[in-house]
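# Close look at the chain arrangement
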Amino acid sequence: MLTGFPDPTSEAADWPWAKEDPELSPELENLSYRQRVSVITPSYNQASFLEKTIRSVLLQGYPNLEYIIIDGGSTDGSVEIIRKYESWLAYWVSMPDKGQCEAINKGIRRTTGDVIAWLNSDDTYRPGAIFKAVKALQDGDAGLVCSRCRMTTPDGTLLGMYDPDLPITSRNLIMLWERSYPSPPQPTVFFRRAVLDRVGLLDESLHYALDYEYWLRALQHFDFHFVDDIWADYLIHPASKTGRGWRPFAEETYAVGKRYWHLSQLEGSAHVPHHRVESDQIASLFQRRL
């Protein structure tokens, strides 16, 4: 337990409002702590959700954690929430930026960890998520790992499970219409520093499909493994990008898919002209996730 850790603002008794250590198996408890994990949270005017996100990271109990918050100059009380927890942060700043992607990149540049992840300021880790991700990376040779992800409303209602139902390959990420949207659930993704060193930062020209594009870039050099577990909750609410509708996601995903279309042919699939795939088809796949 973190010494002097502040009480939550909420009176809720569930994770992560309750100050309880995650229940970990002896195997996870005995993990080598030599792996430093860096987590970045980009945020802008998310005071309604930010404290829950922060607590879900800091209460993981992982002893070698570097937590960085990049706030875009919030005016809704977010800064006061961050200051409440600043003693447990490696770094934080609040100043205007160009959006989520730039904020994540600012945070990544400051990381020193062996393992890197970002968690948006309205999503939360499940207990033990960081331990389990580190173990998955230690036990295999993948550069990136992910798990299933719960999709919830602010009141905790479960909307569905975000589950990569195909092997995570470039072809399956690009050929979205074949079965169902297979992109890894971003809140559950952790990757080795070697990925960052090889493929660089996120593409700041993107607003919606920034993670999708990054996975496609990384898959050209690294394996991406799925772990049958649940490491995070992905919040759907009206103020979120997802809550505003699927079409912007579909259109940007379509554009990214065109950029990387050649990878689907390199993996041995039958040639399919990209002009036969319409953004409306991709939009319908996004909608089926709920």
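Residues numbered from 1 in each chain as written. Predicted model: local features only at pLDDT ≥ 70, side-chain atom pairs only at ≥ 80, totals over all residues. Heavy atoms only, no water.

## Structural notes on unusual backbone geometry
What counts here: Secondary structure is summarised from DSSP: a helix means a run of H or I of at least four residues, a strand means a run of E of at least two, and numbering begins at the N terminus for each. Relative accessibility thresholds used throughout: buried, under 20% of the residue-type maximum; exposed, over 50%; partly exposed, between the two (1.4 Å probe, protein chains only).
Each neighbour pair has its own omega, and for W15 with P16 the value is 0°, a cis peptide bond. Checked against the element boundaries, P16 lands in the segment before α1 (26-29). One non-glycine residue, N45, lies in positive phi territory at about 50°. Mapping N45 onto the fold places it in the loop between β1 (37-43) and α2 (47-58). A relative accessible area of 29% places N45 in the partly exposed class.

## Section: the nonpolar core
Applied cut-off: Here, the term nonpolar core denotes a set of buried Ala, Val, Leu, Ile, Met, Phe, Trp, Tyr and Cys residues that are joined through side-chain atoms within 4.5 Å.
If you look at the biggest cluster of nonpolar residues, it comprises 39 residues, and the most contacted ones within it are V37, V39, I54, Y67, Y125, I130 and F190. Looking at this core, the elements with two or more residues in it are β1, α2, β2 (65-71), α3 (78-84), β4 (115-118), α5 (129-139), β6 (144-152) and β9 (224-235). With six residues, α5 is the largest single contributor of residues to this core. In terms of nonpolar packing, the next biggest core, distinct from the first, is built from 38 residues, I70, L206, L210 and L219 among them.

## A look at the state of the cysteines
Stated precisely, the cut-off is as follows: Criterion for a disulfide: a pair of cysteine sulfur atoms within 2.5 Å.
For the structure shown, the criterion picks out zero disulfides. Between C149, a free cysteine, and C146, which holds the nearest cysteine sulfur, the sulfur-to-sulfur gap is 9.7 Å.

## Some details on the pattern of salt bridges
Note that side chains of opposite charge can pair when their charged atoms are close. What counts is decided by this rule: The working definition used for a salt bridge is a side-chain nitrogen of Lys or Arg within 4 Å of a carboxyl oxygen of Asp or Glu.
Counted according to the given criterion, the structure contains ten salt bridges. Measuring nitrogen to oxygen at the nearest pair gives 2.8 Å for the salt bridge that ties E51 to K84. Of the two residues, E51 sits in helix α2 while K84 sits in helix α3, which places them 33 residues apart along the sequence. Owing to a relative accessible area of 5%, E51 belongs among the buried residues under this scheme. For the salt bridge of K132 with D229, the shortest nitrogen-to-oxygen distance reads 3.5 Å. Taken together, the residues K132 in helix α5 and D229 in strand β9 connect sequence positions 97 residues apart. Relative accessible area serves as the criterion here: at 24%, K132 is assigned to the partly exposed category.

## With respect to the pairing of β4
One face of the sheet, then the other: side chains in a regular strand alternate in exactly this way. To keep it simple, the criterion reads: A pair of strands is treated as paired once DSSP finds two or more bridges between them.
The two faces of β4 match: V115 and A117 on one face and I116 and W118 on the other face are all buried. Bridging between β1 and β4 involves four bridges; their strand directions are parallel. Its bridge partner lying in β4, V39 is registered against A117. The sheet contact formed by β4 and strand β8 (residues 190-192) spans two bridges and is antiparallel. Bridge pairing in β8 places I116 opposite F191.

## Side note on the side chain of Q186
This is how it is decided: Here a polar contact is recorded for every N or O atom pair within 3.5 Å, except that within protein the pair must consist of a potential hydrogen donor and a potential acceptor, and residues adjacent in sequence are included only if both atoms are side-chain atoms. Residue contacts follow a heavy-atom distance rule, with two residues in contact if any of their heavy atoms lie within 4.5 Å.
Mapping Q186 onto the fold places it in the loop between α6 (170-174) and β8. Within the local environment of Q186, its side chain forms a polar contact with the side chain of N120, the two groups lying 3.5 Å apart. Setting aside residues no more than four positions away along its own chain, Q186 makes contact with W118, L119, N120, D123, D211 and W215.

## Observations concerning the side chain of R217
The topology assignment puts R217 in helix α8 (residues 210-218). The class for R217 is buried, based on a relative accessible area of 17%. Among the polar contacts listed, one links the side chain of R217 to the backbone oxygen of L201, at a separation of 2.9 Å. Discounting residues that sit within four places of it in the chain, R217 has contacts with V199, G200, L201, L202, D203 and Y260.

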